[in-house]
Amino acid sequence: FYLWQRYIMMWLYGKSTFDSSANYEAFIHFWGLVVSLPLPTTVWWAYRRGAIQEQSLAFLTMALVFVLSLLIYEIGLYLTEAMISSSDEDGIDSFADGVDPGYEHVMDTTRASWWNRNPVY
């Protein structure tokens with residue numbers, strides 16, 4: 001965990017944190033590689049204890065298990081995104097003429113501002 005945080009997070013992702021949502025999505029997809037690693041290790045240990053006799057079969061099975069678990073992870077991401085984006089149509093940012101009227105319009109119509117609705121102030 002320390003090596004992951006120190007080298008991957010700090011060197012690759014830490015410099016670009018909060019740049020865009022594309023960085024976040026790229027990191028989520030990259031995390032699938034890490035999540036997919038424990039399953040092939042079970043095949044490795046099955047080979048080590050003698051449950052799988054042939055080394056080539058063990059390596060092939062490890063590769064297939066890794067690809068399958070990564071595929072399941074990616075399909076899960078896709079389905080989650082599809083479910084979330086289908087429920088995004090709540091009409092919050094749909095304006096009559098297609099243009100955002102701005103913050104001043106909200107203050108004029110509702111008589112509320114950020115300053116009188118924020119519990120900190």
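Residues numbered from 1 in each chain as written. Predicted model: local features only at pLDDT ≥ 70, side-chain atom pairs only at ≥ 80, totals over all residues. Heavy atoms only, no water.

Peer 1: Please clarify how the overall build of the protein chain should be interpreted in this entry.
Peer 2: In terms of regular secondary structure, the protein chain is built from six helices and zero strands. In the protein chain, the order of α-helices and β-strands from amino to carboxyl end is α-α-α-α-α-α. Across the protein chain, the fraction of contacts at a sequence separation of at least 24, relative to all contacts at a separation of at least 6, is 44%. Summed over its atoms, the accessible surface of the protein chain is roughly 10100 Å², and 65% of this surface lies on carbon and sulfur atoms. (Helix = DSSP H or I, 4+ residues; strand = E, 2+ residues; numbered from the N terminus. Contact = heavy atoms within 4.5 Å. Areas by Shrake-Rupley, 256 points an atom, 1.4 Å probe, with all protein chains shown as cover.)

Peer 1: What should I look at first to understand the environment of valine 34 in this one?
Peer 2: Along the chain, valine 34 turns up in helix H2 (residues 21-35). Separated by 36 residues in the primary sequence, valine 34 and leucine 70 have C-alpha atoms spaced 9.2 Å apart.

Peer 1: When you look at the side chain of serine 69 in this model, what are you seeing that I'm missing?
Peer 2: With respect to the secondary-structure elements, serine 69 resides in helix H4 (residues 55-86). A residue is classified by how much of its surface remains accessible, and serine 69, at 11% relative accessible area, is buried. Residues in contact with serine 69, not counting those within four places in the same chain, are Ser36 and Leu39. (Buried < 20%, exposed > 50% of the residue type's maximum accessible area, 1.4 Å probe, protein only.)

Peer 1: Explain the packing of aromatic side chains here, please?
Peer 2: Geometry of an aromatic ring pair is reported as the spacing of the ring centres plus the angle between the planes. This model, assessed by the stated rule, comprises three aromatic pairs. Seen in terms of ring centroids, tryptophan 44 and phenylalanine 59 are 6.2 Å apart; in terms of plane orientation they differ by 5 degrees. Their pairing is stacked. Remark: phenylalanine 59 occurs in helix H4 and tryptophan 44 occurs in helix H3 (residues 38-48); sequence separation between them is 15 residues. Since its relative accessible area comes to 39%, phenylalanine 59 is described here as partly exposed. Each residue in the set Trp44, Tyr47 and Phe59 is aromatic and connected to the rest through ring pairs, giving one cluster. (Phe/Tyr/Trp six-rings, centres within 6.5 Å; stacked < 30°, edge-to-face > 60°.)

Peer 1: Explain the confidence of the model for the protein chain here, please?
Peer 2: Reading predicted coordinates in detail is not appropriate for stretches of low pLDDT. Residue-level pLDDT values for the protein chain average 78, and 68% of them are 70 or greater. Mean pLDDT across the elements of the protein chain ranges from a minimum in helix H6 (residues 114-117), with 61, to a maximum in H3, with 94. (pLDDT = per-residue confidence, 0-100.)

Peer 1: What exactly am I supposed to notice about H3 here?
Peer 2: Turn by turn, an α-helix covers 3.6 residues, leaving residues three or four places apart pointing in a common direction. The complete set of buried residues in H3 reads Pro40, Val43 and Ala46. Taken around the axis of H3, the buried residues stretch over an arc of 105 degrees, which confines them to a single face. What points out from H3, more than 90 degrees from its buried face, is the exposed set Trp45 and Arg48. (Arc of directions from axis to C-beta.)

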